[in-house]
Amino acid sequence: MRHSEFWERMELHLGEAYAHVWASTQSLGELGSRTPIDALDAGVDPKQVWRAVHANLQLPASER
């Protein structure tokens, strides 16, 4: 997964403006208590970050 696909999915589920706010404020245990943005900046694979976001938002399996 590319960063662009990650952001497309985020914006689809949270809206264009809120996706970035959410990703900069929500610390996720699956990401070492980092925010999704911090994890991406640290080089974590966007697919791994998406999986953590997906679980946190409790999205349907079809959205993985």
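Refer to the structure presented above.
All values derive from a computational prediction rather than experimental measurement.

### Re the overall build of the protein chain
(1) Moving on: Each helix and strand counted, the protein chain has four helices and zero strands in total.
(2) Moving on: Taken from the N to the C terminus, the helices and strands of the protein chain come in the order α-α-α-α.
(3) Moving on: For the protein chain, whose C-alpha radius of gyration is 10 Å, the value lies close to the compact-globule estimate of 11 Å for 64 residues.
(4) Moving on: Overall, the C-alpha framework of the protein chain stretches about 25 × 25 × 20 Å when taken along its three principal axes.
(5) Moving on: The 64 residues of the protein chain split such that 33% are buried.
(6) Moving on: Looking at the protein chain alone, contacts between residues at least 24 apart form 41% of all its contacts between residues at least 6 apart.
(7) Moving on: Surface exposure of the protein chain reaches about 3900 Å², of which carbon and sulfur atoms provide 44%.
(8) Moving on: Positive and negative side-chain charges of the protein chain, numbering 6 and 9 respectively, have mean locations separated by a distance of 9 Å.

### Points about helix H4 (residues 46-57)
(1) Moving on: Under the 1.5 Å per step criterion, the end-to-end length of H4 is 16 Å for 12 residues, consistent within 8% with the ideal 16 Å.
(2) Moving on: When H4 is considered as a whole, its buried residues turn out to be Pro46, Val49, Trp50, Ala52, Val53 and His54.
(3) Moving on: Next to the buried residues of H4 lie helix H1 (3-14), helix H2 (16-25) and helix H3 (36-41).
(4) Moving on: Taken from the residues just after H4, Gln58 is the one with a positive phi, measuring 55°.

About the thresholds
- Residues numbered from 1 in each chain as written.
- Predicted model: local features only at pLDDT ≥ 70, side-chain atom pairs only at ≥ 80, totals over all residues.
- Heavy atoms only, no water.
- Helix = DSSP H or I, 4+ residues; strand = E, 2+ residues; numbered from the N terminus.
- Rg over C-alpha atoms; globule rule 2.2 N^0.38 Å.
- Buried < 20%, exposed > 50% of the residue type's maximum accessible area, 1.4 Å probe, protein only.
- Contact = heavy atoms within 4.5 Å.
- Areas by Shrake-Rupley, 256 points an atom, 1.4 Å probe, with all protein chains shown as cover.
- Lys, Arg positive; Asp, Glu negative; His and termini not counted.
- Charge placed at Lys NZ, Arg CZ, Asp CG, Glu CD.
- Expected span 1.5 Å × (residues − 1).

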